[in-house]
Amino acid sequence: MTLLDEGAKGVYVIAVTPFTEDGALDLPSADRMVDFYLEKGATGLTVLGMMGEAPKLTADESRSFVRRVLARVNGRVPVVAGVSAAGFAAMAELSESVMGDGAAGVMVAPPATLRTDDQIVSYYDMVARTLGPKTPFVLQDFPLATNVQIAPSVILRIVEAQPSCVMLKHEDWPGLAKIAALRAASDKGARRISILAGNGGLFLPEELSRGADGAMTGFAYPEMMVDVWKAHAAGQVERAHDLFDAYLPLARYEQQPGHGLAIRKYLLAKRGAIASGALRKPGSTLSGADIADIERLVARQTRRLQEIN
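Note that the structure is predicted; figures quoted are calculated from it, not measured.

Reading the values: rules and limits
- Residues numbered from 1 in each chain as written.
- Predicted model: local features only at pLDDT ≥ 70, side-chain atom pairs only at ≥ 80, totals over all residues.
- Heavy atoms only, no water.
- Helix = DSSP H or I, 4+ residues; strand = E, 2+ residues; numbered from the N terminus.
- Buried < 20%, exposed > 50% of the residue type's maximum accessible area, 1.4 Å probe, protein only.
- Polar contact = N/O pair within 3.5 Å; in protein donor to acceptor, adjacent residues only side chain to side chain.
- Phe/Tyr/Trp six-rings, centres within 6.5 Å; stacked < 30°, edge-to-face > 60°.
- Expected span 1.5 Å × (residues − 1).
- Arc of directions from axis to C-beta.
- Contact = heavy atoms within 4.5 Å.
- Axes fitted to C-alpha atoms, helices over the stretch in contact; angles between N-to-C directions.
- Parallel < 35°, antiparallel > 145°, perpendicular 65-115°, else oblique.
- Left-handed = near helix turned anticlockwise from the far one by under 90°.
- Nonpolar A, V, L, I, M, F, W, Y, C, P; charged D, E, K, R; others polar.
- Pairing = 2+ DSSP bridges.

Peer 1: Mind showing me how you'd approach the environment of Lys 270 here?
Peer 2: Turning to its location among the elements, Lys 270 is positioned in helix α11 (residues 260–270). Residue classification places Lys 270 among the partly exposed positions, given a relative accessible area of 46%. Spatially, the C-alpha atoms of Lys 270 and Ala 220 are 9.8 Å apart, while their sequence positions differ by 50 residues. Here Glu 295 takes part through its side chain, which lies 3.2 Å from a polar atom of the side chain of Lys 270.

Peer 1: Which parts of the structure should I look at to understand the environment of Gly 7?
Peer 2: Here Gly 7 is to be found in the segment before β1 (10–14). Residue classification places Gly 7 among the exposed positions, given a relative accessible area of 54%. Along the sequence, Gly 7 and Val 138 sit 131 residues apart, while their C-alpha atoms lie 13 Å from each other.

Peer 1: Looking at this structure, how should I read the packing of aromatic side chains?
Peer 2: For any pair of aromatic rings, geometry is given as the distance between the ring centres together with the angle between the planes. Under the criterion given, the structure shown has eight aromatic pairs. Summarising the aromatic geometry, the rings of Phe 219 and Tyr 247 are spaced 6.3 Å apart at their centres and angled 85° between planes, so their arrangement reads as edge-to-face. Of this pair, Phe 219 sits in the loop between β8 (214–215) and α9 (222–233) while Tyr 247 is found in helix α10 (residues 237–254), placing the two residues 28 residues apart along the sequence. Taken as a pair, Phe 219 and Tyr 247 share a single burial class, namely buried. For the pair Tyr 221 and Tyr 247, a centre-to-centre distance of 6.2 Å together with 50° between the ring planes defines the contact as tilted. In this pair, Tyr 221 sits in the loop between β8 and α9 while Tyr 247 sits in helix α10, placing the two residues 26 residues apart along the sequence. Residue Tyr 221 is classed as buried on the basis of its relative accessible area of 10%.

Peer 1: Teacher, can you tell me more about helix α12 (residues 288–308) here?
Peer 2: An α-helix turns once every 3.6 residues. As a result, residues three or four positions apart point the same way. Along its 21 residues, α12 runs 31 Å from first to last C-alpha, staying within 8% of the 30 Å computed at 1.5 Å per residue. By the burial criterion, the buried members of α12 are Asp 290, Ile 294, Leu 297, Val 298, Gln 301, Leu 305 and Ile 308. Relative to the axis of α12, the buried residues are bounded by an arc of 105° and lie together on one face. Away from its buried face, by an angle of more than 90 degrees, α12 presents the exposed residues Gly 288, Ala 289, Arg 300, Gln 306 and Glu 307. Looking at the buried positions of α12, the neighbouring elements they touch are α10 and α11.

Peer 1: Just to check I follow, could you spell out helix α7 (residues 176–187) for this structure?
Peer 2: The end-to-end C-alpha separation of α7 is 17 Å, in line with the 16 Å expected for twelve residues at 1.5 Å each. As for α7, its buried residues are in contact with β5 (137–141), α6 (152–161), β6 (165–170), β7 (194–197) and α8 (204–210). One or two steps after α7, the chain reaches Gly 189, where phi turns positive at roughly 120°.

Peer 1: Sorry, what's going on with the packing of α9 against α10 here?
Peer 2: Between two packed helices, the angle of one axis relative to the other and the distance separating the axes together describe the packing. Here α9 crosses α10 at 165°, and the two axes come no closer than 7 Å. In terms of axis orientation, α9 runs roughly antiparallel to α10. The way α9 lies across α10 gives a crossing that is left-handed. Here Glu 223, Met 224, Asp 227, Val 228, Ala 231 and His 232 of α9 come into contact with α10, specifically with Val 237, Arg 239, Ala 240, Leu 243, Phe 244 and Tyr 247. Within the contact of α9 with α10, the residues separate by chemical class into eight nonpolar, one polar and three charged.

Peer 1: For this particular structure, what's the right way to read the sheet that holds β1?
Peer 2: Paired through their backbone hydrogen bonds, the strands of a sheet run either parallel or antiparallel. Overall, parallel pairing links the eight strands, which are arranged β1-β2-β3-β4-β5-β6-β7-β8 in a closed barrel. Across three bridges, the pairing between β1 and strand β2 (residues 44–47) is parallel. From the neighbouring strand, Tyr 12 faces β2, where its bridge partner is Gly 44. Taken strand by strand, helix α4 (residues 117–131) contacts β4 (105–108) and β5, and its axis lies near 150° from that of β5. Strands in contact with α9 are β1 and β8; relative to β1, the strand with the most contacts, it is inclined by about 165°.

Geometric values such as these leave the question of function open.
Shown next, in the form of structure tokens:
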């Protein structure tokens, strides 16, 4: 597997973790899910992310799931694995395992205990030393989840000090000025790394216009992100916005706090990507009214796409 580098671009879909109805890890569905994402045009996959229910997995399950995904991908696209952990020993163990199995890189979010700029820089210095110079890593900037605010100047300090930091997963809701500031700095000579945007794709056209190289997030219709990125890269900015607009109502609905993953997994099961939409406990369940909302939005989305295509 080619290792992740600063030139990464496109759509790295944040993969869900499939479970059976009784909460067991569903590895056969992992195969179906990989096939589905690649058929929809994903240029990479990210596993064990926050929306992948990674904290609900045991260490053995995490390794088994990543190994199964990597085997199914079989080198066709890069796979990034989240290895964020409370301690560096666990981070090192999981990173060594997934990289040994063929992952292209790992992703690390800051712990909520970090408060100052110097603490953040020191933490990622320890991350780089823990992972080793041969393991490229993604800095996950997700202040809504971590409560850690990382200014562009701090990101630039980390990038300058750590050559193994090759990508920023940007999800600062929306933090468009941060993307622009990082790109302005690289235009002036700072080391340029890949920026892939999260945020459920809700700001994707604007993020691309500010200098993001693509997306690293999840949505039950990953082809939206792929098609928007392709249109934007081809200079068809209005086409990118038209496509985005067609999916926006459902993407908005899927971003409900505490409920969004249940919606995403329901739709992925409906689309045949996984066998069941079950979440491992604790997790929310959908009501009949929720499902009615979803089905209405899908029908409207289908009609709108037919109109613009």
